[in-house]
Amino acid sequence: MVKFLGLHNIKLKGKKRLYFIVMQSIFYPDERIRERYDIKACQASRYVLPEKDGSQIITVLKDNNFGDNKINLGSNRAWFLQQVQADTELLEELGVLDYSLLVGITELHSDEKNSQDLASLVQRVTKSLHHGSPEKSANHAKSTGSTLHEEISHSAATLPVNGVMGSLPGMVDSDDPQTDPTVHHTSTGHGAEADSKYNMIANIPGLNRRLLLNTPNNLHIVDGEEYRYFLGIIDFFVTYSLKKKLENLWKKIRFPGQSFSTVPPKAYAERFKKYMAEHSE
């Protein structure tokens, strides 16, 4: 989910007080982004007329523009689906609906597709373990009695080539079916205690981490096999109030046979998760 930086207001003479929020930009750095989408996982009123080729106007397209396309994340798909599941479960619990996934797409350069050298991995593991803070890194090294270099070198050396941090504590390993939310977990033969421990850990969203890219805004940037994606859930302030319940009834009449955004939070979350699973690979 996107980070909100502040709630502000401004009052002009003779005008009503205006409230607004400041949100972290998901589409940063934006120089190479060629497509932008706002996806709610529904159909009604979810099409925008694209600008003509060569236009300098930036248009954010919607679900019906995206069509049957897929977010091609490769080995990062398991992490993505698990994060969507964690976020939507929280939003459902808070009674929230009408949120969107912002998606920005840019092609990867050849050097970005092959960024698995040791030096690059050391930098990326540092950011992933300590959120890019040198102060945290130094303190962590002192508290464990080992050098940060040793810790990072060991972690980087054990990383699989695809760059998913399955070898570090709590990291998603896309090759392990237990970490893919689309795969049902069954007993491994170690008894009920092992299954109970796994279920407890799997339900802690904070453990869903990944190998961050060595780039600005890396919490919202995920590389697939051919494309770089800018991803983040926005607009999660709408609750299922009486007004929205009445809107739900009206839209059932207005858009027969079409899915629309104003539905109960549980239905919204389930549909959102299903859409992301079907439109990612």
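Reference entry: report on the structure contained in this document. Source: prediction; values computed, not measured. (Residues numbered from 1 in each chain as written. Predicted model: local features only at pLDDT ≥ 70, side-chain atom pairs only at ≥ 80, totals over all residues. Heavy atoms only, no water.)

### Examining a nonpolar patch on the surface
A surface patch of nonpolar side chains, about 540 Å² in accessible area, is lined by Leu5, Ile10, Leu12, Leu18, Phe20 and Val22. Where the nonpolar patch is concerned, the elements lending two or more residues are strand 1 (4–10) and strand 2 (18–23). Tracing the backbone shows Leu18 in strand 2. (Patch = residues over 30% accessible without salt bridge, like charges linked within 9 Å, V, L, I, M, F, W, Y side chains within 5 Å. Areas by Shrake-Rupley, 256 points an atom, 1.4 Å probe, with all protein chains shown as cover. Salt bridge = Lys/Arg side-chain N within 4 Å of Asp/Glu carboxyl O. Helix = DSSP H or I, 4+ residues; strand = E, 2+ residues; numbered from the N terminus.)

### A closer look at the packing of aromatic side chains
As enumerated under the stated definition, the model contains nine aromatic pairs in all. For the ring pair Phe4 and Phe236, a centre distance of 5.2 Å and an interplane angle of 85 degrees mean the geometry is edge-to-face. Residue Phe4 is found in strand 1, and its partner Phe236 is found in the loop between strand 8 (227–234) and strand 9 (238–239); the two are separated by 232 residues along the sequence. Residue Phe236 is classed as buried on the basis of its relative accessible area of 15%. Where Tyr37 meets Phe66, the ring centres are 5.0 Å apart and the plane angle is 80 degrees; that geometry is what we call edge-to-face. (Phe/Tyr/Trp six-rings, centres within 6.5 Å; stacked < 30°, edge-to-face > 60°. Buried < 20%, exposed > 50% of the residue type's maximum accessible area, 1.4 Å probe, protein only.)

### Some thoughts on the pattern of salt bridges
For the coordinates displayed, the defined rule picks out 11 salt bridges. In this structure, the salt-bridge partner of Asp38 is Arg46, at a minimum N-O distance of 2.9 Å. The exposure class of Asp38 is buried, given its relative accessible area of 13%. For Asp63, the salt bridge goes to Arg46, with nearest N and O atoms at 2.8 Å. On the criterion of sequence distance, the pair formed by Asp63 in helix 1 (residues 63–66) and Arg46 in the loop between strand 3 (35–39) and strand 4 (61–62) is long-range, its members being 17 residues apart. The network of salt bridges with common partners includes Arg32, Glu112, Asp223 and Arg228.

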